[in-house]
Structures are given as C-alpha cells and as structure tokens.
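# Survey of secondary and tertiary structure
Residue-level listing of the chains:
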Amino acid sequence: MSTVFWHGTAEVPDGWGPSVVALGVFDGLHRGHQRVLDHAVRLGRERGAPVVLTTFDPHPATIAGRPRDTTPVATVEHRAELARRHGADQVLVLPFTECLARTSAEDFVDGVLRRTLDATAVVTGSNFRFGHRGAGDTALLRKLGPVSGFTAHALDLLPGCSSTLVRTLVTAGDLVGAAAILGRPHRVHGTVDGEIVTPCTTLLPPPGKYWARTPHGDRTVEVEAGLLLADLPDGPTAVDLVDAR
Ligand SMILES: Cc1cc2nc3c(=O)[nH]c(=O)nc-3n(C[C@H](O)[C@H](O)[C@H](O)COP(=O)(O)O)c2cc1C
Ligand SMILES: Nc1ncnc2c1ncn2[C@@H]1O[C@H](COP(=O)(O)OP(=O)(O)OP(=O)(O)O)[C@@H](O)[C@H]1O
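Here the residue numbers are simple positions, counted from 1 along each chain's written sequence. In the order they appear in the text, chains get letters beginning with A and ligands get numbers beginning with 1. For a predicted model such as this one, the threshold for reporting local features is a pLDDT of at least 70, and the threshold for listing and counting side-chain atom pairs is 80 or more; totals across whole chains, interfaces and linings nevertheless cover every residue. Heavy atoms from the whole structure form the basis of all side-chain values; hydrogens and water molecules are not counted.

## Examining the environment of Val 223
This is how it is decided: Numbering of helices and strands runs from the N terminus, with a helix taken as a DSSP run of H or I at least four residues long and a strand as a DSSP run of E at least two residues long. Summary of the burial criterion: residues with accessible area below 20% of their type's maximum are buried, those above 50% are exposed, and those between are partly exposed, where the area comes from a 1.4 Å probe applied to protein chains only. It only takes one pair of heavy atoms within 4.5 Å for two residues to be counted as in contact.
As for its position among the elements, Val 223 is in strand 10 (residues 217-224). Residue Val 223 is classed as buried on the basis of its relative accessible area of 4%. A C-alpha to C-alpha distance of 32 Å links Val 223 and Thr 97, two positions 126 residues apart in sequence. Those residues within four positions of Val 223 in sequence are excluded, and the remaining contacts are Leu 204, Pro 205, Pro 206, Pro 207, Gly 208, Tyr 210 and Leu 228.

## Details of unusual backbone geometry
Note that the residue after Gly 17, namely Pro 18, is joined by a cis bond; omega there is 0 degrees. Tracing the sequence through the fold places Pro 18 in the loop between strand 1 (6-7) and strand 2 (19-23). A cis amide bond links Asp 57 with the next residue in sequence, Pro 58, at an omega value of 0 degrees. Here Pro 58 shows up in the loop between strand 3 (51-57) and helix 2 (76-85). A positive phi angle, near 50 degrees, is found at Ala 225, a position not held by glycine. Tracing the sequence through the fold places Ala 225 in the loop between strand 10 and strand 11 (227-229).

## Side note on the domain arrangement of the protein chain
Test applied: Annotation comment: domain bounds sourced from an automatic or database domain assignment. Once two parts are put together, the accessible area they lose, assessed with a 1.4 Å probe and summed over both, is termed the buried area. Any carboxyl oxygen of Asp or Glu within 4 Å of a side-chain nitrogen of Lys or Arg constitutes a salt bridge here. Any pair of N or O atoms that falls within 3.5 Å is considered a polar contact. Within protein, one atom must be able to donate a hydrogen and the other to accept it, and sequence-neighbouring residues count only if both atoms are side-chain atoms. When residues are sorted by character, Ala, Val, Leu, Ile, Met, Phe, Trp, Tyr, Cys and Pro go into the nonpolar class, Asp, Glu, Lys and Arg into the charged class, and all the rest, Gly among them, into the polar class.
Considered domain by domain, the protein chain is made up of domain 1 (6-155) and domain 2 (185-244). For domain 1 versus domain 2, the distance between C-alpha centres works out to 31 Å. Contacts between domain 1 and domain 2 engage seven residues on the former and six residues on the latter. For the domain 1 face of the interface with domain 2, the top three residues by lost area are Val 73, Thr 75 and His 78, together amounting to 60%. Across the contact surface, domain 1 and domain 2 share zero salt bridges. At the boundary of domain 1 and domain 2, one finds one residue pair in polar contact (both at pLDDT 80 or more). Residues that form the side of domain 1 that touches domain 2 fall into these classes: three nonpolar, three polar and one charged.

Laid out in structure tokens, this is it:
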C-alpha cells in the first residue's frame with residue numbers, strides 16, 4: 001500500500017520525476033485550492049507526469065511573518081486525503097521549520113522543485129509567495145522556470161475563497177458559509193472517549209448545538225468549552241458539522 005504522504009524531502013524516492021507540482025499551504029483544500037490542483041492534474045495528464053501537491057506543516061505563519069490565526073481547517077492527513085481524491089498522485093508535506101523559513105526562494109526552487117521533485121510544471125495561485133521573508137513570487141517562478149526545467153503557471157484567484165475566510169466563518173458559527181467555500185461541510189477529526197471527541201486540533205465553531213453527519217448517522221452534537229461532545233461509539237471519528245440547530 002502506498003504511503004498517505006511523504007513527510008519531508010528525504011521520503012521522496014531517489015530519481016523521482018519529472019512531476020507536476022501544485023504548491024502552497026492548501027489548508028482545507030477549498031474551491032480556490034481545487035482550481036489550482038485541477039489545473040495541475042490537467043497538465044499532469046497532458047505530460048504523462050505524476051502530480052505532487054506540496055504543502056507545509058505547521059502553517060508558515062506560525063513561524064514567520066505577521067502573527068494570525070492558523071488553527072487548521074483540516075488536519076494534514078485530511079488535506080492529503082482530499083488532495084488525492086481531487087487527483088493528486090502524491091502529497092509532499094514539508095515541515096515548516098525555522099531553517100526552511102530562512103531558505104531563500106532561489107534555494108527552495110533549486111533544492112525542492114528541481115532536485116527533489118524534478119518539476120516539469122509548477123502550479124500556484126497568482127498570490128503565491130515563498131522563500132525567506134516571502135521574497136519569491138510567481139514572477140520569480142516564471143523567471144527561474146526555464147533554467148530549472150519547469151513551466152510556471154499562476155492561476156487567477158477564485159473570488160471569495162481563502163482559508164482565512166473559512167476560519168472566520170467557522171469561528172463565527174456560519175457553517176453554511178464555510179461549506180460554500182470548502183465545497184463540503186467543515187469536518188472535525190478526533191477520537192471519541194465517553195462522548196468527548198479529542199483532540200480537537202481542527203477549528204471548532206462557537207459553543208452551541210450543531211446538526212452533524214457522522215459515520216454512525218446524522219445527529220445533534222454540541223460544542224462546549226472548546227470540546228466537541230458527540231454521542232458516538234468510542235474510537236477515531238470524523239464529524240461533519242452541517243449547520244447550527
Ligand atoms: C523556503 C520558504 C521560506 C519562507 N520564508 C518565509 C519568511 O521568512 N517569512 C514569511 O512570512 N513567510 C515565509 N515563507 C512562507 C511563504 O511566504 C508562504 O506563506 C508559503 O510559501 C505558503 O504560500 P501560500 O500561503 O500562498 O500557500 C516561506 C516559504 C518557503 C517555501
Ligand atoms: N481563491 C483562490 N483561487 C485560486 N488559487 C488560490 C486561491 N486561494 C489560494 N490559492 C492558491 O492556492 C495555493 C495555497 O494557498 P493558501 O493555502 O495560501 O490559500 P489561502 O486560502 O489564501 O490561505 P490563507 O487564507 O491562510 O492565507 C497557493 O498557490 C495560492 O496562491
């Protein structure tokens with residue numbers, strides 16, 4: 001059985017590639033992210049090359065740049081599962097460390113995109129930035145592409161779609177608005193132990209009762225004091241929060 005994702009460049013097999021790379025955090029794999037991945041999948045088919053969604057964990061903003069809410073919309077495992085369902089052949093999760101944050105855009109292109117992934121195409125949204133102090137952008141990818149062996153594709157942004165907006169909507173309890181951006185209900189993963197789902201590392205709506213879809217049928221669940229309470233059998237579970245009750 002193939003692994004769910006590669007954790008770090010060392011797990012990418014030697015001689016991998018050429019590949020089509022979709023690049024970014026992709027937290028939640030919302031409809032805007034799906035546009036990027038769809039384009040990568042089309043290019044992959046045209047070029048007969050596997051598509052590698054390359055992402056970062058934890059969110060770069062936990063380490064670098066302006067502090068902001070980075071509570072995951074989706075666990076990294078869920079992100080990888082969604083990426084594969086949307087056509088990615090592999091998912092590379094790069095641990096976002098202080099060391100990676102200090103890596104220049106040029107070194108990232110040479111080390112990760114050229115040497116590790118042998119990129120033949122790199123697909124991002126038009127607002128993508130990378131490298132130390134966010135110095136790299138899509139213009140730099142276009143410039144470095146010809147010498148590094150890839151074409152750079154910067155897609156127009158799908159309006160009204162960002163992980164930040166999903167975080168704002170879920171935090172405000174607007175699960176219907178969040179689902180419109182995600183293209184599916186917001187999902188919380190955890191392990192049930194006596195009706196309490198822990199750990200809830202993913203985003204939770206405010207305290208209250210919610211209509212939810214679970215592996216054991218639709219039911220009301222409750223958010224209280226930062227915990228999700230659900231009458232479900234003990235063990236790992238996924239709870240889709242559909243709407244407030
Ligand atoms: C090699 C590398 C170094 C980075 N260094 C910084 C940094 O110093 N400061 C910063 O705010 N973000 C840094 N970032 C994060 C990027 O600005 C950006 O958040 C990340 O590439 C994800 O892009 P996305 O938000 O468009 O998905 C770095 C990213 C990479 C790949
Ligand atoms: N609305 C969008 N339409 C198309 N591409 C997008 C959109 N939003 C982000 N992207 C692209 O998807 C990749 C992942 O982006 P990222 O995870 O930063 O998205 P985001 O939703 O803007 O996140 P955040 O709100 O946390 O900054 C990047 O290549 C980015 O340019």
